[in-house]
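For reference, the chains in residue letters:
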Amino acid sequence: MRIMVGNLPDDITEETIREALSDVAPVSAIKLVPEGGAPSAMIEMELSRADAEALARRIQGRIYRGRELRAWVPLFGWK
């Protein structure tokens, strides 16, 4: 299942995303999405949709390097 995480710091890397989320969930794959305002990332994990939505709620609002993270599970075209 894929979760989008937004409002990341400008200098974010795949490794720092793994570190930021290490206490929440093990991330299988990451794709950075630098377009637009603050960078976003698509993270993949082996989860059911319900578990992914619960994880997105846990990530939502966490402060990482001075930024309040946004997280959501995309509705269409995803596993």
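Residues numbered from 1 in each chain as written. Predicted model: local features only at pLDDT ≥ 70, side-chain atom pairs only at ≥ 80, totals over all residues. Heavy atoms only, no water.

1. Observations concerning the overall build of the chain
A count of helical and extended segments in the chain gives two helices and six strands. Secondary structure elements in the chain, listed N-terminal to C-terminal, are β-α-β-β-α-β-β-β. For 79 residues, the compact-globule formula gives about 12 Å, and the C-alpha radius of gyration of the chain, at 11 Å, lands near that figure. For the C-alpha atoms alone, the extent of the chain along its principal axes is close to 30 × 25 × 20 Å. Counting the 79 residues in the chain, one finds 41% classified as buried. Looking at the chain alone, contacts between residues at least 24 apart form 64% of all its contacts between residues at least 6 apart. Put simply, the chain shows about 4,600 Å² of open surface, and 52% of that area lies on carbon and sulfur atoms. Considering the chain, the positive charge centre built from 11 side chains and the negative charge centre built from 12 side chains are found 4 Å apart. (Helix = DSSP H or I, 4+ residues; strand = E, 2+ residues; numbered from the N terminus. Rg over C-alpha atoms; globule rule 2.2 N^0.38 Å. Buried < 20%, exposed > 50% of the residue type's maximum accessible area, 1.4 Å probe, protein only. Contact = heavy atoms within 4.5 Å. Areas by Shrake-Rupley, 256 points an atom, 1.4 Å probe, with all protein chains shown as cover. Lys, Arg positive; Asp, Glu negative; His and termini not counted. Charge placed at Lys NZ, Arg CZ, Asp CG, Glu CD.)

2. A look at the nonpolar core
Among the nonpolar cores identified, the biggest contains 23 residues, and Ile3, Val5, Leu8, Ile17, Ile43, Leu55 and Ile59 are the most heavily contacted of them. Of all the secondary-structure elements, those providing two or more residues to this core are strand 1 (2-6), helix 1 (14-21), strand 3 (40-44) and helix 2 (49-59). The element best represented in this core is helix 2, accounting for four residues. Not counting chain neighbours up to four residues away, the residues in contact with Leu8 comprise Ile17, Ala38, Pro39, Ser40, Ala41, Arg67 and Leu69. (Core = buried A, V, L, I, M, F, W, Y, C linked by side-chain atoms within 4.5 Å.)

3. Remarks on the pattern of salt bridges
With the rule as written, the count across this model stands at six salt bridges. Measuring nitrogen to oxygen at the nearest pair gives 2.6 Å for the salt bridge that ties Arg65 to Asp11. With Arg65 in the loop between strand 4 (63-64) and strand 5 (67-68) and Asp11 in the loop between strand 1 and helix 1, this pair connects stretches of sequence that are 54 residues apart. A salt bridge links Glu68 to Arg70, with the shortest nitrogen-to-oxygen separation between them at 3.1 Å. Arg70 gets classed as partly exposed once you look at its relative accessible area, which sits at 36%. (Salt bridge = Lys/Arg side-chain N within 4 Å of Asp/Glu carboxyl O.)

4. A short note on the environment of Arg70
Among the structural elements, Arg70 can be located in strand 6 (residues 70-72). Note: C-alpha distance between Arg70 and Ala50 (20 residues apart in sequence) is 18 Å. Sequence-distant contacts of Arg70, that is, excluding residues within four places in its chain, are made with Met4, Val5, Gly6, Asn7 and Gln60. In this structure the side chain of Arg70 is engaged in a polar contact, spanning 3.1 Å, whose partner is the side chain of Glu68. (Polar contact = N/O pair within 3.5 Å; in protein donor to acceptor, adjacent residues only side chain to side chain.)

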